[in-house]
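Below are the chains, spelled out letter by letter.
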Amino acid sequence: MHKLFASTYKEFLLLTRDIGGLAILFLMPILLVITITTIQDGTFKIIKETKIPVLWVDEDQGEISKSIFEGFSNSKTLELITASSEDEAKSSVFKGDYQLAIVIPKNLSTDLAAKVDENVSGIMAKFGLEEDSATVVDKTPIAQKEIRLYFDPATQYAFKSSIKNGINQMIAKVETQSIYKAFQEQLEEDTSEDFFETESFISFKEIVPNGMQDDAIPNATQHNIPAWSLFAIFFIILPLSINMVKEKNQGTFVRLRTNPISYATVLGGKTLVFLAVALLQFGIMLLIGVFLFPIIGLPKLEISGNVSILFVVAFFAGLAAIGLGLLLGTIAKSQEQSAPFGATFVVILAALGGVWVPVFAMPSFMQSISRLSPMNWGLNAFYDVFLRNVDFPELIPEISLLFLFFIATTLIAILYNKRQNSV
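Residues numbered from 1 in each chain as written. Predicted model: local features only at pLDDT ≥ 70, side-chain atom pairs only at ≥ 80, totals over all residues. Heavy atoms only, no water.

### Section: the pattern of salt bridges
According to the stated counting rule, one finds three salt bridges in the structure shown. The shortest N-O distance in the salt bridge between Glu86 and Arg148 comes to 2.9 Å. Note that Glu86 is positioned in helix H4 (residues 86-94) and Arg148 in strand S4 (residues 145-151), a separation of 62 residues in sequence. With respect to burial, Glu86 and Arg148 carry one shared label: buried. Several salt bridges converge on common partners, so that one network encompasses Glu59, Glu86 and Arg148. (Salt bridge = Lys/Arg side-chain N within 4 Å of Asp/Glu carboxyl O. Helix = DSSP H or I, 4+ residues; strand = E, 2+ residues; numbered from the N terminus. Buried < 20%, exposed > 50% of the residue type's maximum accessible area, 1.4 Å probe, protein only.)

Right under this line is the structure:
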């Protein structure tokens, strides 16, 4: 334990004396998250060449639902996938498997036809053409219909708005056509006057996960804080690997080998120091999102999940990043090898993990590759807590992958060092 403490203290001194390294670890991610959030606030571009899979639940099975289905089928950006039930669709969306589910309510076609007949009867009565006025006076109330939309909470707000606007226009068109068709069938002569009710009969309602308020719409801040916090955590591998290369080139490792201390203990000291750095980075990013962003005109960070669980995710993400840094620092023979490779590799992991472009907007083969990125595991875990409000047991798969990644990379680093220094 004393050896581990001494190793940890040595790493702490090395880190605090490296002003450039501290700037990379703390100043760089702060500038990144402010810049990117400012640029992306209120905007989201859907890649038109990529069709987004959307779950479709048709409880109506009528002419109206068929018309809506045909309208979506002709879309260049959406691909409808039929789900067996609303519960299945809701579960799949809130787990993040799909971006959207559309549920057509029961009796939509029949109730809309009844509503149209009611309106037409009112028009006919005003013209004095309705023989049985009792059908007009004694109306049976018909409840409005809701097309229910289930969005993945991690879906960008602009994408939600575009989908809602598209559905609204399509429904308004179908409803208007149905009314005019019934009207024209009962009148012998054309008329351009609008005597029937103009209020939209069909509406939609967004269903949010349990525990979230209806107006708690995920914004650019809630996407960028977890994404760029994770990017900052993985950028730890740059100063970590550079420090290890410096120690090898300066003969520090040679001196350590003359002492009764294992390589695992040396790596343990580095792990503890940089793990504390990762948690500190994450805490600073949260504070920026909650307090600084509203001051500079950006959306405030709203955290729907448990803050302590967020730090658990950050803990395991930090371990994964440290394991990668230990492996790179062990293998690299010079700073010219570790610095460019480390920076480039972090950028590649971020791109594959969905930090820059949402995974669902990537080509299918890239989506498969993204599942191998530890940043993808960490980002999904952050989104689960930030936006989907899940409990800790549901995070076990992601944090287990991050922990196993740390164990694997650290073991490889130890075995490689042992092989290189064996006599």
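Following the structure, the description resumes.
### Considering the confidence of the model for the protein chain
The predicted model of the protein chain has a mean per-residue pLDDT of 79, with 82% of residues at 70 or higher. Taken element by element, the protein chain is modelled with least confidence in helix H6 (residues 134-137), mean pLDDT 46, and with most confidence in helix H12 (residues 307-331), mean pLDDT 92. A low-confidence stretch, residues 44-49 stays under pLDDT 50, and its non-local contacts, those more than four residues away or across chains, total 12 contacts. Contacts of residues 133-137 to residues separated by more than four positions or lying in other chains number five contacts, the stretch itself having pLDDT below 50. (pLDDT = per-residue confidence, 0-100. Contact = heavy atoms within 4.5 Å.)

### Some points on the pairing of strand S1 (residues 52-58)
Across the seven residues that make up S1, a large majority, six, are buried. Sheet topology places S1 next to strand S2 (residues 78-82); five bridges connect them, and they run parallel. If you follow Ile52 over to S2, its bridge partner there is Leu78. Between the parallel pair S1 and S2, the chain is carried across by helix H3 (residues 63-73), and the sense of this crossover is right-handed. When S1 meets strand S3 (residues 100-104), the two strands line up parallel, connected through five bridges. Among the inter-strand pairings, Asp58 is bridged to a residue of S3, identified as Ile104. (Pairing = 2+ DSSP bridges. Right-handed = clockwise from strand over helix to strand, strands pointing away.)

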